[in-house]
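Each chain is listed here by its residues.
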Amino acid sequence: MTPYSLLYDPDCGFCRVCVAVVLRWDRKRRVRSVALKGPEADRLLEGIPQAGRLASWHLVDAGSAVWSGGAAFSELFRLLPGGAPLARLTDRFARPADSGYRWVADHRSLFGRAIPAGARRWADRVISESERGGR
């Protein structure tokens, strides 16, 4: 089993592209994607109210620890090759990282419209391959 699950909004093109970038970056396959709308997401985020679940992405480890929004950056970066400097940066500047995450999340539909259809199709292929155990 992959030790970390990255939960995301499957209806958001920007979110899907971000998750696909993480999956490609994660050469050791320590992260898997999980759509926020479904029974597995409900199980992984059991203690989080429904409104909080849809408010951001979430990173969940095998022990059920959950990091949400900007707080997920440092843990996620630690998992990725070459991500340690970014993890230290987001640890040091946790509030700006969370504020930046929140601002982007609040404007994700605007960013999503700027993403070409080909990039969204690429992201969907990467996520689909990941869910099937490929990559």
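Everything here concerns the structure above.
Below or above, wherever it landed, is the structure these notes cover. Remember, it's a predicted structure, so these values are computed and weren't measured experimentally.

**A short note on the overall build of the protein chain**
Scanning the protein chain for helices and strands turns up 8 helices and 4 strands. Walking the protein chain from its N terminus toward its C terminus, one meets helices and strands in the order β-α-β-α-α-β-β-α-α-α-α-α. A buried classification covers 40% of the 135 residues belonging to the protein chain. Long-range contacts, defined here as pairs at least 24 residues apart, represent 61% of the contacts in the protein chain between residues at least 6 apart.

**Re the environment of L36**
Within the fold, L36 resides in the loop between β2 (31–35) and α2 (39–44). Ignoring anything within four residues of it in the chain, the contact list for L36 reads L7, Y8, D9, P10, A41, L45, R53, L54, S56 and H58.

**Structural notes on the pairing of β2**
Most of β2 sits inside the fold, with 4 of its 5 residues counted as buried. The pairing of strand β1 (residues 4–8) with β2 spans 5 bridges and is classified as parallel. The residue bridging S5 from the neighbouring strand is R32, located in β2. The handedness of the β1 to β2 crossover, carried by helix α1 (residues 13–25), is right-handed.

**Concerning unusual backbone geometry**
Note: most peptide bonds trans; most residues except glycine with negative phi. Of note in this structure, R29 is not a glycine but carries a positive phi near 55°. By the secondary structure assignment, R29 is in the loop between α1 and β2. R29 sits in the partly exposed class, given a relative accessible area of 38%.

Definitions and limits used
Residues numbered from 1 in each chain as written. Predicted model: local features only at pLDDT ≥ 70, side-chain atom pairs only at ≥ 80, totals over all residues. Heavy atoms only, no water. Helix = DSSP H or I, 4+ residues; strand = E, 2+ residues; numbered from the N terminus. Buried < 20%, exposed > 50% of the residue type's maximum accessible area, 1.4 Å probe, protein only. Contact = heavy atoms within 4.5 Å. Pairing = 2+ DSSP bridges. Right-handed = clockwise from strand over helix to strand, strands pointing away.

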